[in-house]
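# Chains, contacts and geometry: an overview
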Amino acid sequence: MLNIGIIGYGGMGSYHHRELIKKEDGVQVVGAYDIKKERLDAAKNAGLTIYESLSDLLSDKTIDAVLIATPNDVHKELAIQAMTSGKHVICEKPAMMSTEELDDVILVSNETGQVFMVHQNRRWDNDFLIIQDMYQKKPIGELFQIESRVHGANGIPGDWRHLEKHGGGMLLDWGVHLLDQLLFMVDSPVKEVSADLSYVLGDEVDDGFIAYITFENGVKALVEVGTTNFVKLPRWYVKGLEGTAVIDDWDLSGRIVKQTGEIDHHNLVPIKAGQGLTKTMSPPSEDATTTLPIVEAAAEYDGFYKNFYDVVVNHATPIVKNEEVRNVLALIENIFEVSK
């Protein structure tokens, strides 16, 4: 059993404790440290040992690993302190503020022999697993266009995520998830990127963005995060050479429309469209397509914490590799640059 100490027992740190870290995976939370007294009290009430200082936690020889769940700007400092103190590290995303910071942390991981893994948890989201399965198994043919969106209307959460110095903004908060999913799924180098960041709410960090990404294998992707969307667009919209699929939201509502027969281009019946007629936009005949339900897909890899245990104890291959994390950070840096 690996004993984990949480650094930062806020919303995410406490969520890991309540919902994600399970003894059946070989890991358990035994303690926590936070700079806020009320969060230490919450950890104590949850049955954890609390530490009055970071050094107290890091000097506890019963702690095998730490989870860093703090604002982004202190991830590097905390990760290096923990690894040089003999602790393995799980880090919330985004891993670091830059690829340069991540390179420094990976160097320390290699020098100390301590595991450093980033919690890119959205690789296990059910909606993503469905799209990943479509990409790999091609039920609607080769996917050539992938649109991935997360929309809300509450603005940026009212905490450190408003502040640039702490690594706030939606590209680093939600973009890191959607981009990680995309790069994990599409096994091809990025060829071209364009992007637009939104600052309409007046914060010093972006309140949303749209990025257009072209891969060398020809796949094109649109990734969008919005916090001013009172009407949401679908979570996923993908086009294949033999059909189209849409997943509306995390409840997995949606449908697949698959081409099952030849489209008779010579006998299309025009429809009225506004003040005109169109054959181009008329629906295919009933025998040319079929509508199918969205079918759930299972991950073909272990859960995050089970994998973390195996990496530490059995020297297994990490599901979230540090070079993959670096590729996502490099893409984020590219999006910031091209958006200017």
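The structure presented is a predicted model; accordingly, all values stated were derived computationally and were not measured. (Residues numbered from 1 in each chain as written. Predicted model: local features only at pLDDT ≥ 70, side-chain atom pairs only at ≥ 80, totals over all residues. Heavy atoms only, no water.)

What follows covers the sheet that holds strand β5 (residues 88–91). With parallel pairing, 6 strands are arranged side by side in an open sheet as β3-β2-β1-β4-β5-β6. The strands lining the two open edges of the sheet, one partner per strand, are β3 (49–50) and β6 (116–118). (Pairing = 2+ DSSP bridges. Helix = DSSP H or I, 4+ residues; strand = E, 2+ residues; numbered from the N terminus.)

Right, let's talk about the UniProt feature "domain: GFO/IDH/MocA-like oxidoreductase" (unreviewed entry) in the protein chain for a bit. Mapped onto this numbering, the UniProt entry gives "domain: GFO/IDH/MocA-like oxidoreductase" (unreviewed entry) at residues 131–245. Note that residues 131–245 is 20% helix and 36% strand, and that its end C-alpha atoms are spaced 9 Å apart. (UniProt positions renumbered as here; feature names shortened; annotations may be inferred.)

The next thing to look at is the packing of helix α7 (residues 170–185) against helix α9 (residues 322–339). Viewed as axis vectors pointing N to C, α7 and α9 meet at an angle of 125 degrees, and their least axial separation amounts to 9 Å. Between α7 and α9, the crossing angle belongs to the class labelled oblique. Between α7 and α9 lies a crossing of right-handed hand. Contacts from L171, L172, V176, L179, D180, L183 and F184 in α7 reach E324, N327, V328, L331, I332, I335 and F336 in α9. Grouping the amino acids of the contact of α7 with α9 by side-chain chemistry returns 11 nonpolar, 1 polar and 2 charged. (Axes fitted to C-alpha atoms, helices over the stretch in contact; angles between N-to-C directions. Parallel < 35°, antiparallel > 145°, perpendicular 65-115°, else oblique. Left-handed = near helix turned anticlockwise from the far one by under 90°. Contact = heavy atoms within 4.5 Å. Nonpolar A, V, L, I, M, F, W, Y, C, P; charged D, E, K, R; others polar.)

It is worth spelling out the pattern of salt bridges at this point. For the coordinates displayed, the defined rule picks out 17 salt bridges. Of the charged contacts, one joins D41 and K37 as a salt bridge, the two residues approaching to 2.9 Å between their closest N and O atoms. Separated by 4 residues within a single helix, D41 and K37 lie in helix α2 (residues 37–45), roughly one turn from each other. On the accessibility criterion, D41 (31% relative accessible area) is partly exposed. (Salt bridge = Lys/Arg side-chain N within 4 Å of Asp/Glu carboxyl O. Buried < 20%, exposed > 50% of the residue type's maximum accessible area, 1.4 Å probe, protein only.)

On to the pairing of strand β2 (residues 27–33), then. Burial within β2 is extensive, with 5 of its 7 residues counted as buried. With 6 bridges connecting them, strand β1 (residues 2–7) and β2 associate as parallel partners. When the sheet's bridge partners are listed, N3 is paired in β2 with Q28. After leaving β1, the chain enters helix α1 (residues 11–20) and then returns to the sheet as β2, a path that is right-handed. Both β2 and β3 contribute to a ladder of 2 bridges, which runs parallel. Residue pairing for β3: G31 is matched across the bridge by T49. Of the crossover connections in this fold, the one passing from β2 over α2 to the parallel β3 is right-handed. (Right-handed = clockwise from strand over helix to strand, strands pointing away.)

Okay, the sheet that holds strand β8 (residues 190–198) next. Strands belonging to one sheet form pairs held by backbone hydrogen bonds; the direction of such a pair is parallel or antiparallel. In space, the 8 strands of this open sheet follow the order β8-β9-β10-β7-β11-β12-β13-β16, with mixed pairing throughout. Looking at the sheet topology across the chains shown, the edges are occupied by β8 and β16 (289–292). In this sheet, neighbouring strand axes are inclined to one another by 10 degrees on average, regardless of whether the strands run parallel or antiparallel. Looking at chain direction, strand β13 (residues 254–259) and β16 are connected through 4 bridges and run antiparallel. Bridging from a neighbouring strand, V257 pairs with T291 of β16. Sheet strands touched by α7: β7 (143–151), β8, β9 (208–215), β10 (220–226) and β11 (236–240). Its angle to β10, the strand with the most contacts, is close to 155 degrees.

With domains assigned, the protein chain is organised as domain 1 (2–119 + 302–316) and domain 2 (123–253 + 294–300). With 10 residues of domain 1 at the interface, the matching set in domain 2 holds 10 residues. The interface formed by domain 1 and domain 2 holds 1 salt bridge in total. Linking K93 and D173 is a salt bridge whose minimum nitrogen-to-oxygen distance equals 3.8 Å. (Domains from an automatic or database assignment.)

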